[in-house]
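Observations on chain architecture
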Amino acid sequence: MQDIKIGNLTIGQNHPAFVIAEIGSNHNQSLQLAYETIDAAKEAGADAVKFQSIDVNKLYLNPSKATIDLHKKIDLPEEWHYLLSDYCKKKEIVFFSSPTYLEAVDILETINVSLYKLASAQIGTFPQLVEKVAQTNKPVILSTGLVSYAELEKIVKIFHLAQNNQFIILHCNSIYPTPYEKVHLPLMHTYQKMFDCIVGFSDHTAGIYAPIIAVAQGAKVIEKHFAISRKLPVPDAPFSLEPHELREMINGIRIAEQMLIPQVRLQIEKEEANFKKAIGTKLVLAKNKNAGEPLQREDFIFRRHSEGIDCKELDRLLLSNFFFKENVMRNTLLDYQHISL
């Protein structure tokens, strides 16, 4: 599978996981809050922030009052795309969004986003949107929460027909929050084998543990809902991470990656070698010995010491017929100055 370039970053097997702070609708219709959330994501160490391009009038025919009231909190004004993109450029963090209607793709192309995200709600219901995004020939992240194997195969075929192989599949559970026993992280490996692509995890569990474990399992993209506060009056906030939690999650991911660096253990680490030397077991005289007497196994007891002849040398010394060249007292740490051939 090929690496995927996102600006100055690379997503691939030999690169750090690409961490997305999913702001989504956690802006609560406040541009200032959106800016503050971007700042907090950057400070926590996220590589990217993702919003959701939502417009009730372009999603529904005759929406109900309840739907209209909900969208008053979660819709993303179209002019915000330009403002948020410029702000993210200044903050040096990747901006992108999940289009939910066709015109949103045109807006995102106008500001030249470096990648797209297609949520499972769109993948599973709106192939025309998938086709339009695939035809941009840009990297696209695909989420699988509401998508069966058969549906996912059809989506991948759309990308192949568009000659766009820059897709990343995120294992996802569309249960909010997802119980740990329903996460099934090994599905990432299934997708990787099925479609020969980079895989990752879009997390809806509570807390920070699942994304760290996912990285240890091979996820190269992590997406996690993020909000300044879980008390915001928007649907995604209650299961989002707050700034200190996002920072802790990302730190955990980076620690996990350090632990996963492969190494052929031909030699132990320098620190380990020094400790091993300090606790080496050495030869100590169990009895008095006179000059000229041969070394015998029963002459020795074994004690830890940083100096002296190591116990691993005893068989060699006996086979070589070493003898004492001087009188040596009991409890003496054996040294080569005491013996000769």
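Check the entry above for the structure.
Bear in mind the structure is a predicted one, so any value in this text is a computation, not a measurement. (Residues numbered from 1 in each chain as written. Predicted model: local features only at pLDDT ≥ 70, side-chain atom pairs only at ≥ 80, totals over all residues. Heavy atoms only, no water.)

**Considering the overall build of the protein**
Helix and strand counts for the protein come out as 13 helices and 14 strands. Here the C-alpha radius of gyration of the protein, 31 Å, is well above what a compact globule of 341 residues would show, namely 20 Å. Taking the principal axes of the C-alpha coordinates as reference, the protein spans close to 105 × 40 × 40 Å. Within the protein, the fraction of its 341 residues that count as buried is 47%. Summarising the internal contacts of the protein: among those between residues at least 6 apart in sequence, 65% fall at separations of at least 24. For the protein, the exposed area adds up to about 17400 Å²; of that, 52% sits on carbon and sulfur atoms. In the protein, which carries 37 positive and 40 negative side-chain charges, the distance between the mean positions of the two groups comes to 5 Å. (Helix = DSSP H or I, 4+ residues; strand = E, 2+ residues; numbered from the N terminus. Rg over C-alpha atoms; globule rule 2.2 N^0.38 Å. Buried < 20%, exposed > 50% of the residue type's maximum accessible area, 1.4 Å probe, protein only. Contact = heavy atoms within 4.5 Å. Areas by Shrake-Rupley, 256 points an atom, 1.4 Å probe, with all protein chains shown as cover. Lys, Arg positive; Asp, Glu negative; His and termini not counted. Charge placed at Lys NZ, Arg CZ, Asp CG, Glu CD.)

**Here's the deal with helix α7 (residues 127-134)**
Here α7 has its buried residues at L129, V130, V133 and A134. Projected down its long axis, α7 shows its buried positions confined to an angular sector of 135 degrees, all on one face. On its buried face, α7 is in contact with β5 (94-99), α5 (102-110), β6 (116-118), α6 (120-123), β7 (140-143) and α8 (149-161). (Arc of directions from axis to C-beta.)

**Digging into the pattern of salt bridges**
Scanning all chains against the criterion turns up 18 salt bridges. In this structure, D106 and K132 form a salt bridge, with 3.0 Å as the shortest nitrogen-oxygen distance. Residue D106 is located in helix α5, and its partner K132 is located in helix α7; the two are separated by 26 residues in the primary sequence. Residue K289 pairs with D299 through a salt bridge whose shortest N-O separation is 3.0 Å. With K289 in the loop between β11 (281-285) and β12 (300-304) and D299 in the loop between β11 and β12, this residue pair connects regions lying 10 residues apart in the sequence. Assessed through its relative accessible area of 4%, K289 is described here as buried. For D299, a relative accessible area of 1% puts it in the buried group. When salt bridges that share partners are traced, they join D47, R254 and E257 into one network. (Salt bridge = Lys/Arg side-chain N within 4 Å of Asp/Glu carboxyl O.)

**Focus: the packing of helix α10 (residues 209-216) against helix α11 (residues 243-259)**
The N-to-C vectors of α10 and α11 enclose an angle of 20 degrees; their axes lie 9 Å apart at closest approach. Taken together, α10 and α11 sit at an angle that is classed as roughly parallel. Seen along the crossing, α10 lies across α11 with a hand that is right-handed. For the pair α10 and α11, the contacting residues are P211, I212 and V215 in the first and M249, G252, I253, A256 and E257 in the second. Classifying every residue of the contact of α10 with α11 by side-chain character gives six nonpolar, one polar and one charged. (Axes fitted to C-alpha atoms, helices over the stretch in contact; angles between N-to-C directions. Parallel < 35°, antiparallel > 145°, perpendicular 65-115°, else oblique. Left-handed = near helix turned anticlockwise from the far one by under 90°. Nonpolar A, V, L, I, M, F, W, Y, C, P; charged D, E, K, R; others polar.)

**Focus: the packing of aromatic side chains**
Under the criterion given, the structure shown has five aromatic pairs. Judged by centre distance (5.9 Å) and plane angle (40 degrees), the ring pair of F51 and F95 falls under tilted. Taken together, the residues F51 in strand β4 (residues 48-53) and F95 in strand β5 connect sequence positions 44 residues apart. Residue classification places F51 among the buried residues on the basis of a relative accessible area of 0%. On the basis of an interplanar angle of 45 degrees and a centroid distance of 5.0 Å, the ring pair of Y176 and F239 is categorised as tilted. Note that Y176 is positioned in the loop between β8 (167-172) and α9 (187-195) and F239 in the loop between β10 (221-225) and α11, a separation of 63 residues in sequence. (Phe/Tyr/Trp six-rings, centres within 6.5 Å; stacked < 30°, edge-to-face > 60°.)

**Looking at the environment of S114**
The residue S114 is located in the loop between α5 and β6 in this model. For the pair formed by S114 and P139, sequence separation is 25 residues and the distance between their alpha carbons is 7.3 Å. Ignoring any residue separated from it by four or fewer positions in sequence, one finds S114 in contact with I6, V94, K138 and P139.

**Looking at a nonpolar patch on the surface**
On the surface, Y180, Y209 and I213 cluster together to form a nonpolar patch covering roughly 370 Å² of accessible area. Here I213 shows up in helix α10. (Patch = residues over 30% accessible without salt bridge, like charges linked within 9 Å, V, L, I, M, F, W, Y side chains within 5 Å.)

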